[in-house]
Structure formats: structure tokens, C-alpha cells
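The primary structure of each chain is shown beneath.
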Amino acid sequence: MENTKDLTEHSSRSERKRRDSFGMFDGYDSCSEDTSSSSSSEESEEEVAPLPSNLPIIKNNGQVYTYPDGKSGMATCEMCGMVGVRDAFYSKTKRFCSVSCSRSYSSNSKKASILARLQVTGKPPTKKAKVLQKQPLVAKLAAYAQYQATLQNQAKTKSVAVSVEGFSWGNYISSNSFIAAPVTCFKHAPMGTCWGDISENVRVEVPNTDCSLPTKVFWIAGIVKLAGYNALLRYEGFENDSGLDFWCNICGSDIHPVGWCAASGKPLVPPRTIQHKYTNWKAFLVKRLTGAKTLPPDFSQKVSESMQYPFKPCMRVEVVDKRHLCRTRVAVVESVIGGRLRLVYEESEDRTDDFWCHMHSPLIHHIGWSRSIGHRFKRSDITKKQDGHFDTPPHLFAKVKEVDQSGEWFKEGMKLEAIDPLNLSTICVATIRKVLADGFLMIGIDGSEAADGSDWFCYHATSPSIFPVGFCEINMIELTPPRGYTKLPFKWFDYLRETGSIAAPVKLFNKDVPNHGFRVGMKLEAVDLMEPRLICVATVTRIIHRLLRIHFDGWEEEYDQWVDCESPDLYPVGWCQLTGYQLQPPASQSSRESQSGSSKQKKKAKSQQYKGHKKMTTLQLKEELIDGEDYNFLQGASDQESNGSANFYIKQEP
């Protein structure tokens, strides 16, 4: 019993000595000290793995080992396959790494080999074997660590070369001193509502890449700068030296709160560049971390929970017909990425006729929505649900604000201003063509409407994409007059008199302006709503209360889009990396890579797509509506994206 107690106490002391409260290895507290005190073979075995190969001498539990310099070349043990420095190998021929491997090879018995048991069978070595390989094994592991470090450095150099060719948010922001919109601006994005006070100077535990150990080790770093989900980190101990600063996604799986290593049994090892600066790293960390902030203990759990989405593949929805905005169609969820849905129209046989939108987009609705409000709907040729497909529960869709239509309300023929869904860079003169149920309105753009209403679109009465007469003038936004209207500059008073129309009452519009947090010049990732499968590097260039002007970096201003501050098509910097979505880099980067004019051709093609989109859509509608596939249950049209709004009585500088 006493022997058992002694062993327990000895093991406990060894564990306490080996790792402190920060998860640091005790040897780093006095790495420059010289001592010849001995330790048991068992302790030596425990301390073998974490030996850092970059230091010429490391004190580890009282033993001092000198690392080979590697100048004499490498060798491979013919028995166990261990790679190490040739001079450290056993025998004159340098064929084996230890006496045990030499004897095992001679007896032609791999099962008798200590390293074979460790590496192949997983069986622990005998006590006798430990004694045999005690010091040679340490030397071998030290050499092996150097060898692994060389491979890691080569791989690291390769990976850096590859990343330079692609787009890097970190390089883009650092080299231009840009500012990114904070995560709290995006309530629909992961962690948007529970980001907390994560800011500069918050400390985290991250992998130590400035280390030559064969195993993964960690060190503490502080946030120097935040850009959305991305953080510029600096290892503790570097002070004002930014030489090894690096960008990473703060929501990544390798980012942990301080204390995680100690709780998880992971080693904290200082970067080799600064290992010489302090002899007592534990005392250094205690001083630096006292009073410092770190991530919440459940941060990674919150990240995981915020990336769980209720929409699943095979769910059926009603979604706007991308070719005919006046109607909806049935589509099936094909995939979900970061809350964005790839919807495949139900009639698409090869499953290539798709449409991308966020699960909170006002463009999607539950099955039966069109019939309930009188929205035009394209009947599907598929009369029976396909196996495995099921209707999405109605409660999963974004809710619209309830309105009272019994009193003063919108009426057909009333004039207003609205974002053109086919050219989101413009706000146009528009007319309410029909009033649907539940507060939905059919809107037509003056001067470009088809006689049959096939190019009307639908906004809810509370949509931030519709504005009262005079909104653009008050807020110094260029209003697009009706096509063919010659009395310029356009004046609402004259136009209302000429058309015998009245303006929609200002009090009926949504005038709520949230404290969104956006500022001019902030960077973000934004959906190109003219091609919604694309998410691009973008900038906020104007803010009119809740209305944002989004500019796609590298493109001309004619491709800008007016978007609401709460639009689910805006994301923090780093969202694509976090969710695995492909980010489109600034167009200017493509032009720098190729001087042949390919970028200009791309821009020209996009311009033609924008300018020809509306005309093509109207013509297609006129042809296809003859087929009689549309059903007007009550009135008609389609729901369109909610982007924009403002306080209509306050003039704001551009």
C-alpha cells in the first residue's frame, strides 16, 4: 500500500512539474540553465515527445540533451524506419537507430523490436527495453523533430506562395488600411447576435507556427485588428514587432480562449524566434494575462450553434421566377451553405435551373403563399411530389410586419419611388398597380411597363425598397424618370399634374431606422443580386438612414446596388471562408494579372447583361404568358428583395 501511495505521489509531482496552469512545459521556465540532475526512465519517456528541436540545449525534467546539428546527413533505420541524423545512429555502418533495433534485426524478429511495438502494434515497451533505448531515443526524436521541421517549413513556404496568387482579405485590408463592418451589423450571420465584446487586445490560444516540433503546439496571441470574422493576431512576447503577425478567422476551430490548453492537456510553447527573451515564461504570462480579456468559454459552441440551419435539402418552397419576376414557382432546396439556399426549380430535369437566395430572403415563401395573397403563380407540370420531397413548414420563413388595411391605405394608381429590381443601382418613378392581401403591393416602373402587367413586381407595404414621392430629392439621390419622359429635370409636382395622379401618403411607408452600425468605407461581402450565386468583395459608399449603397470593388459605379441595412444578402468579412462559400475577388485584381483586356471584356459583358436584362425579360414574358401557365388567384405579381428606406423628413448629406 505504501509503495502504491509513493508511486501516486511521485506521478502527481511529475505531472505538476511537467505542466503548469497555463499548460506550459516546465523546461521552458529555465531553458538556459545547466544541470546534470537525473530522472527516472519513466519520466524521460514522458518528456520525449515535446522536446523542441530548435534549441541547442533544453532542460527537461533535469536531463540535458544536446541536439545533433544535422550536417552529416540523415539516415533511416532498417528495422523500425525511424529517420534521424546519421551520426546519432548505432554501429559503424549506421544502419540502425539503437541497440534494440540492431539485435531485433539480427534475430529477424520484428515483434521483439521496441519501436516496432510502439509504431506497429501499439504495445508498450518493456522496462528493459526502455533502459536500452533511453538516451538514443531522445537523440533520435530530436533529430526527427529537425527533419519534420524542415518538411513543415518547406510546406509552409509552398502554401504561402499559393495563397498569394488568390485573394486574401488580410493582405487587402492591411495594405490599404481598410476598415471592415463589424459582425454585429449582420444579425442574420453566424454570431451576429452573440458576438459580445470581442475586440482588439482580446487574448486567444492559437497554434504556434513558429515552432519545429513534430506535434501541434499552441501559444497565446492578442488581437491587433478586427475585420469582420478575421483577426490580425500577434504572439505574446513580440511586443511591437509585427514580423510574425498573421490573419485568421476568429471563429475557426483552432482558436480557443485562454485556459483551453491547460484544460485540454495541450502544450503551450513560445515561438522559437523569442524563446531567448525570457527565462521564466510562466511568470511572463501571468504578468501579461492578469486582467486581460479572452473569448467566452462556450465561444466555439456558440459558433457551432449559430451555424445550424433549419432549412434542409428536399424541402419545397415557392420562390420568385428568376426569368419572370411577376410570378412564383415551386422549387426544391438542393443545398444549404451558411444559410444560403441553392433552389432548383421543380421542373428542371437536369437540376441546373437553379436560384440562390438566403433562407431569410423575402423572395421565398411557403407552399400556398401565392394563392393566399393573390400572387401570380406558374403551375408546375409535375402533379405529384417527388419521393423524399416535402413542404417547408411555414414558420421557418421570414415574417413580415402585420398591417391594418382597413383604414387609409395604398390604392391603385398612387405614385411612389421604388428600387428597380432589374437594375438595383437605380431608384425609379413607380406606380402601385394592384393591392394584394396581407399588405403586399404590385409595383410597376413608369415608362417601361408591359400592357398586360407581366413586368410588375411585388413589395410588401413595409418593404424598405419603396419610398414616398420626394425621397430622392430630399436625400440628394438621382431619381430615374420614366423612360421617354422629356421634361427634364424631372419634377414630381409637374408629373403628378400631367398624369392626374396622387402620391402615396408618406405615413404609410416604413420609417424605422435601426442603429445598424454601418459607416461609409466599410468593407464587407455582398451578393451580386443580378447574379445571386456570386458573393463579392464590396464597400459601403453611401448611407441614407437605413439604405446602403454597395459598390463592388474593381467595378464601375453603374453596377452599384441599393441594399437595405438588414438585407440577408450582406455578410461580414470572412463569411465565405467560414462557411466554405466561394468569394469573388475585386475585378481590378484580374486586370492586374492580365494586361490583355480580358477584364474589360468581362465588364462589358456584365454591362450588356444589365442593360439587356429588362428588355429580354419583358419580351420573354409576353411570349410565354400566351401558354396560359399563369393563374391569377386574386390580383398578381411577385415578391422582390427588400432593400432600402429612410426617414423622409430629414435631409442627409451624401
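Owing to the predicted nature of the structure, the values given are computational and were not obtained by experimental measurement. (Residues numbered from 1 in each chain as written. Predicted model: local features only at pLDDT ≥ 70, side-chain atom pairs only at ≥ 80, totals over all residues. Heavy atoms only, no water.)

### Here we look at helix α8 (residues 281-289)
One turn of the α-helix equals 3.6 residues, which is why residues spaced by three or four share an orientation. Taken together, the buried positions of α8 are occupied by W281, F284, L285 and L289. For α8, the arc enclosing every buried residue in end-on projection is 110 degrees, short of the 170-degree limit, so these residues lie on one face. Where the residues of α8 are buried, they touch β6 (203-207) and β7 (218-227). (Buried < 20%, exposed > 50% of the residue type's maximum accessible area, 1.4 Å probe, protein only. Helix = DSSP H or I, 4+ residues; strand = E, 2+ residues; numbered from the N terminus. Arc of directions from axis to C-beta. Contact = heavy atoms within 4.5 Å.)

### What to know about the environment of G521
The residue G521 is located in the loop between α12 (492-499) and β24 (522-527) in this model. Along the chain, G521 and H551 lie 30 residues apart, while their C-alpha atoms are 9.8 Å from each other. Other than its neighbours up to four places away in sequence, G521 contacts I179, T539 and V540.

### As for the pattern of salt bridges
Scanning the entire structure with this criterion turns up 28 salt bridges. With its nearest N and O atoms 3.4 Å apart, the salt bridge here joins D197 to K293. With D197 in the loop between β5 (179-180) and β6 and K293 in the loop between α8 and α9 (299-306), this pair connects stretches of sequence that are 96 residues apart. A salt bridge links K415 to D446, with the nearest nitrogen and oxygen atoms 2.7 Å apart. Here D446 lies in the loop between β20 (440-445) and β21 (457-460) and K415 lies in strand β18 (residues 415-420), a separation of 31 residues in the sequence. (Salt bridge = Lys/Arg side-chain N within 4 Å of Asp/Glu carboxyl O.)

### What about the nonpolar core?
Counting 107 residues, the largest nonpolar core has I427 and F518 as its most contacted members. Residues contacting I427, with those up to four places away along its chain left out, are E417, A418, I419, F467, F471, C472, I477, E478, L479, T480, L547 and W562. Formed by 20 residues, the second largest nonpolar core is a distinct cluster that contains Y309, L325, L363 and F397. (Core = buried A, V, L, I, M, F, W, Y, C linked by side-chain atoms within 4.5 Å.)

### A word on the confidence of the model for the chain
Looking at the chain, the pLDDT average stands at 76 and 65% of residues meet or exceed 70. Across residues 10-23, confidence stays below pLDDT 50; counting only partners more than four residues off in sequence or on other chains, it has 28 contacts. For residues 152-165, every residue scores under 50 in pLDDT, and the model assigns this stretch seven contacts once sequence neighbours within four places are set aside. (pLDDT = per-residue confidence, 0-100.)

### Some remarks on the sheet that holds β7
One open sheet holds the five strands; their spatial order is β9-β8-β7-β6-β10, and the pairing between them is antiparallel. Of all the strands in the sheet, the pair left with one neighbour each is β9 (246-249) and β10 (256-257). Here strand β8 (residues 230-235) pairs with β9 via four bridges, running antiparallel. Counted as the bridge partner of N230 is N249 from β9. Strands in contact with α8 are β6 and β7; relative to β7, the strand with the most contacts, it is inclined by about 30 degrees. (Pairing = 2+ DSSP bridges. Axes fitted to C-alpha atoms, helices over the stretch in contact; angles between N-to-C directions.)

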